[in-house]
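Single-letter residue listing:
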2 protein chains.
Amino acid sequence: MRWAVILAGGSGTRFWPLSTPARPKQLLPLAGPTSTAEQAVGRLEGLVPRERILLVTGAGIAPALRDLLRLPAENVLVEPRAASTGPALVWASHEAWRRDPDAEVLSLHADWVIRDEPAFRQTAAVALATAATHHRLVTVGIVPTRPETGYGYIVPGDRLDREAQAVRRFTEKPDAATALDLMADGALWNSGLFAWRAELLLEQVRRHTPEIAPHLGLLDRGDVAGFFQRITPVSIDVGVLERSPDVAVVPGRFTWDDVGTWDALPRVRIRDGQGNVAVGPVHFHDAQDCVAWSDAEPIVLAGVRDLVVVRANGRILVMPRTLAADLKSVLDRLPREVRDLQ
Amino acid sequence: MRWAVILAGGSGTRFWPLSTPARPKQLLPLAGPTSTAEQAVGRLEGLVPRERILLVTGAGIAPALRDLLRLPAENVLVEPRAASTGPALVWASHEAWRRDPDAEVLSLHADWVIRDEPAFRQTAAVALATAATHHRLVTVGIVPTRPETGYGYIVPGDRLDREAQAVRRFTEKPDAATALDLMADGALWNSGLFAWRAELLLEQVRRHTPEIAPHLGLLDRGDVAGFFQRITPVSIDVGVLERSPDVAVVPGRFTWDDVGTWDALPRVRIRDGQGNVAVGPVHFHDAQDCVAWSDAEPIVLAGVRDLVVVRANGRILVMPRTLAADLKSVLDRLPREVRDLQ
């Protein structure tokens, strides 16, 4: 049967001061009236029933996510520690396999904004079908719309059928010139949307992933804490997909955004005629290409451009949009009592 | 005897959202821990005793000023309406004359920041002495430090003594090129610091100021409301000083600032090494030449320059410093419920 795994870990500070440890990015209504985590569950409707949706997350936000998403309690898998996507997806796939030895797993992230949901669902169905037909680990590659340097790229290889191709190689975060070359060569963004038969993933891990393989027996015995204690953190891409010859890629033609920083908001929100994005009581006056968010007091932005202005959780942040990706370095220099939010 | 008149009218919105109708600029601690109105009273110490300091203000802020400045109740003159400086100074001078026919009046404003208080007091004493010796209306001209286009200039004429000169002409707000010429010609800024015998001012008004003269009898009869109802608003400069041949100017060498806008704060406040001014919990990170004020939440300014960021009275304002002088046009376009403050 079909299962879904939603990865909802990661605290993150890239939406400070809106994001907090207890309410990180995936719980925020960044792209609309509901959180991206709610949207992630919503987009599985008709594809995977709720009782077969597994959520992998951390202890800090598990209660909030459980309340928000109303998933069966036993479907919320709380990681003993954050250890990248490899152990998380292996554990969740193992869990699906334990409950259903024929489990076909679709894996996605809780912080995505996807504009074309029908296209997403169609792609997900193709990925699941490809995984079953070709007996491969399937990754969905998004057709790039810009030479983004923050993503990984997949260079497709031999064609397997009308939709699927083998993978020639993965390339992590290229520089701008390389990104342009990759686009020209038909490379795809590595989306993090995967499909596989759980049994195949476990078999591939046993073969290619020494960081995890020796400890799979602990999962067999239900010792999740022991498993996470012993494994070495590794991403599913590096630990499995890049090492396995049995990987396929199918193209995804939906618009996909992981809304990585404040600067990304204008990509996923409605802009006014001057390119500004406002959430909450914000008043623009001759402002251009600004991002403004207030959870309380009205903000007036006059005569400025390319700024991020946020009032949230008792803090006010003003920075150029170009600095959004480096927000962490700003926060690192703030006094703890200003930086740390409840 | 010596009297002082402090003009403390004017609501003003140029320090929105910090200034409010009940707490305008002169009641704000713009340049230090106390308000400029308190500083105005303080700088008269040793020059004019408190019981002979008259304050002219509006009904809205009179209670707050009375509480703050602890002046005798009968010394707080509440204008029935704002009608520029002419009627205010005529009324106050008339009031001083009524109580003391030999009154010598020093007139100043409640919103000044003066760096060199001893120099101010010395200049004020010279102005009062000049008014008595030469039987003239005396204005203090500040030696300009920049070709400011927002001020009026005084071009001095014949020398009367070592300190005083007659006035050749007044020039209102020149353009930048003219301001440079005026500076080169030895013109002085019209400061609004005046001295005169009350009796002489009233005599000159009778002779030169048809906007006010016909209604002086109402003041004689104590009908202040009637006086303000009938006069035509006019500034003391236009209505009297520019028309009278009996005017003298004495130079003021103190640093004087009327802190007209948010942009002026760095002139009267301590700046950090990057030219930033902060009041309240403000954190700069690679910010330059910014003005930031918070009465509550911490503000973080990162990677920006030449910005004004204010959080006060439940509003947040972000604008370039260059826009500070046009703040009114920004406020005019705001919804009333955002603009209007209690």
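Source: prediction; values computed, not measured.

Undergrad: Teacher, can you tell me more about the overall build of chain A here?
TA: Looking only at helices and strands, chain A features 12 helices and 17 strands. Taken over the C-alpha trace, chain A has a radius of gyration of 21 Å; the compact-globule value for 342 residues is 20 Å, and the two agree within 12%. Judged by the C-alpha coordinates and their principal axes, chain A covers about 60 × 45 × 35 Å. For chain A, contacts bridging at least 24 residues in sequence account for 63% of all contacts bridging at least 6.

Undergrad: Before we go on, may I ask you to explain the relation of the copies chain A and chain B in this structure?
TA: Its rotation angle being 179°, the transformation that places chain A on chain B also includes 0.0 Å of axial translation and leaves an RMSD of 0.1 Å. What we have between these two chains is a two-fold relation. In this assembly the copies share their binding face: 100% of the residues contributing to the interface of chain A also contribute to that of chain B.

Undergrad: Whenever I open this one, the interface of chain A and chain B confuses me. Can you help?
TA: Many analyses report the size of an interface as the accessible area lost when the parts associate. In this complex, chain A contributes 25 residues to the contact, which on the side of chain B involves 25 residues. Elements with a contribution of two residues or more to the side of chain A that touches chain B: β13 (282-285), β15 (299-302), β16 (307-312) and β17 (315-320) of chain A. Residue classes in the side of chain A that touches chain B are distributed as 17 nonpolar, 4 polar and 4 charged.

Undergrad: What am I meant to see in the domain arrangement of chain A here?
TA: Residues and elements named next belong to chain A. Per the domain assignment, the segments of chain A are domain 1 (2-257) and domain 2 (262-339). Domain 1 and domain 2 are separated by 30 Å when their C-alpha centres are compared. Contacts between domain 1 and domain 2 engage 11 residues on the former and 15 residues on the latter.

Undergrad: Would you take a moment to explain the pairing of strand β4 (residues 104-109) of chain A for this structure?
TA: In summary, the side chains of a regular strand alternate between the two faces of the sheet. The element β4 of chain A is extensively covered by neighbouring structure, given that 6 of its 6 residues are classed as buried. What you see with β4 of chain A is no split at all: Glu104, Leu106 and Leu108 of chain A on one side and Val105, Ser107 and His109 of chain A on the other are buried throughout.

Undergrad: What is the right way to look at the sheet that holds strand β14 (residues 291-294) of chain B in this model?
TA: Two strands in a sheet stick together by hydrogen bonds in their backbones, pointing the same way (parallel) or opposite ways (antiparallel). The strand order across the open sheet built from 6 strands is β13(A)-β15(A)-β17(B)-β16(B)-β14(B)-β12(B), with neighbouring strands paired in mixed fashion. Whereas interior strands pair on both sides, the edge strands pair on one side only; in this sheet they are β13 of chain A together with β12 (277-279) of chain B. Taking the axes of each pair of neighbouring strands and ignoring which way they run, one obtains an average angle of 10° across the sheet. Here β15 of chain A pairs with strand β17 (residues 315-320) of chain B via 3 bridges, running parallel. Within β17 of chain B, the position partnered with Ile299 of chain A by the bridge is Ile316 of chain B.

Undergrad: Mind showing me how you'd approach the nonpolar core here?
TA: Side chains of nonpolar character tend, in soluble globular proteins, to be buried together. Ranked by size, the top nonpolar core spans 229 residues in total, and within it Ala127, Leu301 and Val318 of chain A together with Ala127, Leu301 and Val318 of chain B carry the most contacts. If sequence neighbours within four positions are ignored, Leu301 of chain B has contacts with Val318 of chain A together with Val282, Phe284, Ala287, Cys290, Ala292, Leu307 and Val309 of chain B.

Undergrad: I keep staring at the packing of helix α3 (residues 85-99) of chain A against helix α6 (residues 198-208) of chain A and nothing clicks. Help me out?
TA: Residues and elements named next belong to chain A. Contact pair α3 / α6: the axes reach a minimum separation of 9 Å and the direction vectors enclose 135°. Classed by the angle they form, the pair α3 and α6 counts as oblique. The handedness of the crossing between α3 and α6 comes out as left-handed. Contacts between α3 and α6 involve Val90, Ser93, His94, Ala96 and Trp97 from the first element and Ala198, Glu199, Leu201, Leu202 and Val205 from the second. By residue class, the composition of the contact of α3 with α6 is 7 nonpolar, 2 polar and 1 charged.

Undergrad: How do you make sense of unusual backbone geometry when you look at a structure like this?
TA: For residues besides glycine, phi is generally negative; the peptide bonds are generally trans as well. Of note, the bond from Trp16 of chain A into Pro17 of chain A is cis; its omega dihedral lies within 30 degrees of zero at 0°. Tracing the backbone through its elements, the reader meets Pro17 of chain A in the loop between β1 (2-7) and α1 (36-42). For Arg70 of chain B, which is not a glycine, the phi torsion comes out positive at approximately 50°. Here the phi dihedral of Val259 of chain B falls at roughly 45°; this positive angle occurs in a residue that is not glycine. Summarising the element assignment, Val259 of chain B is placed in the loop between β11 (256-257) and α10 (265-268). The class for Val259 of chain B is buried, based on 22 C-beta atoms found within 10 Å.

Undergrad: Honestly, the confidence of the model for chain A in this entry has me stumped. Any pointers?
TA: One rule of thumb: low pLDDT means the predicted coordinates there are not for detailed reading. On average, residues of chain A score 95 in pLDDT, and 100% of them reach the 70 mark or higher. Per the prediction output, this complex has pTM 0.86; the corresponding ipTM is 0.85.

Undergrad: Help me understand helix α4 (residues 117-134) of chain A in this model?
TA: For an α-helix, the turn length of 3.6 residues means that residues three or four places apart are oriented alike. Residue and element names in this part refer to chain A. With 18 residues, α4 should reach 26 Å at 1.5 Å per residue; the first-to-last C-alpha distance of 25 Å fits that figure. Buried residues of α4: Phe120, Thr123, Ala124, Val126, Ala127, Leu128, Thr130 and Ala131, and no others. Against the buried residues of α4 lie β1, β4, β5 (113-114), β6 (137-142), β9 (188-197) and β10 (247-252). After α4 finishes, the residue His135 shows a positive phi value of roughly 55°.

Undergrad: Would you explain the environment of Leu30 of chain A in this entry?
TA: With respect to the element layout, Leu30 of chain A can be found in the loop between β1 and α1. Under the C-beta neighbour-count criterion, Leu30 of chain A is labelled buried, with 25 such atoms within 10 Å.

Parameters at a glance
- Each chain carries its own residue numbering, running from 1 in the written order of its sequence.
- The lettering of chains begins at A and the numbering of ligands begins at 1, in the order of writing.
- In keeping with the model being predicted, local features are shown solely for residues with a pLDDT of at least 70 and side-chain atom pairs are shown and tallied solely at 80 or more, while totals for entire chains, interfaces and linings include all residues.
- Secondary structure elements follow DSSP: runs of H or I no shorter than four residues count as helices, runs of E no shorter than two count as strands, and numbering proceeds from the N terminus.
- Based on C-alpha atoms, the radius of gyration is set beside the globule rule, defined as 2.2 Å times the residue count to the power 0.38.
- In this description, a residue-residue contact is defined by the distance between C-beta atoms placed from the backbone, which must lie within 7 Å.
- Overlaid copies result from least-squares superposition on C-alpha atoms, with residues included only where pLDDT is at least 70 in both.
- In the scheme used here, Gly and all other residues not listed as nonpolar or charged are polar, with Ala, Val, Leu, Ile, Met, Phe, Trp, Tyr, Cys and Pro taken as nonpolar and Asp, Glu, Lys and Arg as charged.
- All the domain ranges listed were derived from an automatic or database domain assignment.
- Buried, partly exposed and exposed are defined by the number of other C-beta atoms within 10 Å of a residue's own C-beta, namely 20 or more, between the two limits, and 12 or fewer respectively, with C-beta atoms placed from the backbone.
- Pairing between strands is defined by DSSP: at least two bridges between them are needed.
- Orientation is described by axes fitted as lines to C-alpha atoms, over the contacting stretch for helices, and by angles from 0 to 180 degrees between their N-to-C directions.
- Core membership is restricted to buried Ala, Val, Leu, Ile, Met, Phe, Trp, Tyr and Cys residues, and these are joined into a nonpolar core through C-beta atoms within 7 Å.
- Angular relationships are summarised with four words: roughly parallel below 35 degrees, roughly antiparallel beyond 145, roughly perpendicular across 65 to 115, and oblique for the angles in between.
- By convention, the crossing between two helices is left-handed when the near helix turns anticlockwise from the far helix through less than a right angle, and right-handed when the turn is clockwise.
- Along the chain, pLDDT gives the predictor's confidence residue by residue, from 0 to 100.
- Expected helix span is computed as 1.5 Å times (number of residues minus one).

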